[in-house]
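Chain residues, written in single-letter form:
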Amino acid sequence: MKVYEYLLERIDEKGFVHLSLIDPDPFKVPLEKAARIAKIAENAGSDAIMVGGSTATVDVEAYVRIIKENVSLPVILFPNDVSGLAPSADAAFFMVLVNSRNRYYLFGAQVLGAIAIRRLGLEPISMAYMVFEPGGTVGFMGDARLIPRNKPEIAVGYALAAEIIGFKTIYLEAGSGAYGPLPPEIIAAVSKSVKIPVIVGGGINKPEEAAQAIAAGASMVVQSTFLERIAYDTDAVEKLSSVIRAMKEASKKKR
Ligand code: 1GP
């Protein structure tokens, strides 16, 4: 089964998807820690592993390989540019940073990436990537005109345009390590306006924050910093499980 279909099926079956993001930055997450995080994710019931980051991506393939040696979850690339692609992954989010000022991130990296993706035989999953305040490293590196957190109508405009153009997913990004998750009003406004899956990430560190994103209408929640923090805790699996349990409860209430 293709990874996109797998994600849709998981959303259909249980109402949500949890994505564990690993930053392939050897200074932040060495290979051994990446393998550890992947195992925690699988044991806690996360649905897939994403691999990508905004800074030091030197050998993404090594990360994908060690993750695949340790877990059987699908591995989806989350590339910052063409250097974020790796042949052993199962799929790649084919991203357009729709609110970037820099044409490289709008239709430059994609032109180069498309050729690489075809040659590598990776499944592309198109994604309209929207970066909100505070934006963090990705906002800076991607030269994003940050979408204000208190302007749902702007977010809805971007999301509708993305759906009309034919993107398969929308990602509402607050930036890794953001001071707080995106407000539920933004998530709700976007989720009500489009039928394609809405992914939310950035600053989600507590069970109630992940649950709130699902309650507001998100289909998928991404966590990275949280996993890096708990990786060496003896109760790491339980800590992540409690986040996923809270998402499940929130999705049950919605149905
Ligand atoms: C970054 O949204 C993701 O692209 C994850 O953010 O590191 O804050 O979980 P955190």
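The rules behind each value
- Residues numbered from 1 in each chain as written.
- Predicted model: local features only at pLDDT ≥ 70, side-chain atom pairs only at ≥ 80, totals over all residues.
- Heavy atoms only, no water.
- Near = heavy atom within 4 Å.
- Polar contact = N/O pair within 3.5 Å; in protein donor to acceptor, adjacent residues only side chain to side chain.
- Areas by Shrake-Rupley, 256 points an atom, 1.4 Å probe, with all protein chains shown as cover.
- Nonpolar A, V, L, I, M, F, W, Y, C, P; charged D, E, K, R; others polar.
- Helix = DSSP H or I, 4+ residues; strand = E, 2+ residues; numbered from the N terminus.
- Expected span 1.5 Å × (residues − 1).
- Buried < 20%, exposed > 50% of the residue type's maximum accessible area, 1.4 Å probe, protein only.
- Arc of directions from axis to C-beta.
- Axes fitted to C-alpha atoms, helices over the stretch in contact; angles between N-to-C directions.
- Parallel < 35°, antiparallel > 145°, perpendicular 65-115°, else oblique.
- Left-handed = near helix turned anticlockwise from the far one by under 90°.
- Contact = heavy atoms within 4.5 Å.

1. As for the site of the ligand
- Taken together, Leu 21, Phe 78, Tyr 171, Glu 173, Ser 176, Gly 177, Gly 201, Gly 202, Gly 203, Gln 223, Ser 224 and Thr 225 make up all the residues around the ligand.
- A distance of 2.4 Å separates an oxygen atom of the ligand from a polar side-chain atom of Glu 173.
- One nitrogen or oxygen atom from the main chain of Gly 202 is found 2.9 Å from an oxygen atom belonging to the ligand.
- When isolated, the ligand has an accessible area of 310 Å², and the protein chains bury 96% of it.
- Grouping the amino acids of the shell around the ligand by side-chain chemistry returns 3 nonpolar, 8 polar and 1 charged.

2. Quick word on helix α1 (residues 3-14)
- Here α1 is 12 residues long and its end C-alpha atoms lie 16 Å apart, about the 16 Å a rise of 1.5 Å per residue gives.
- For α1, the set of buried residues is Val 3, Tyr 4, Tyr 6, Leu 7, Ile 11 and Lys 14. The buried side chains of α1 occupy one side of the element, clustering within an arc of 165° when seen end-on.
- Positive backbone phi, at 95°, marks Gly 15, one or two positions downstream of α1.

3. Overview of the packing of helix α2 (residues 31-44) against helix α3 (residues 60-70)
- Packing of α2 against α3 brings their axes to within 9 Å, and their N-to-C directions diverge by 40°. The orientation of α2 with respect to α3, classified from their angle, is oblique. Pair α2 / α3 crosses with right-handed handedness. From α2, Leu 31, Ala 34, Ala 35, Ala 38, Lys 39 and Glu 42 reach across to α3, where they touch Ala 62, Tyr 63, Ile 66, Ile 67 and Asn 70.
- Grouping the constituent residues of the contact of α2 with α3 by class yields 8 nonpolar, 1 polar and 2 charged.

Spatial relationships are all this shows, so hold off on functional conclusions.
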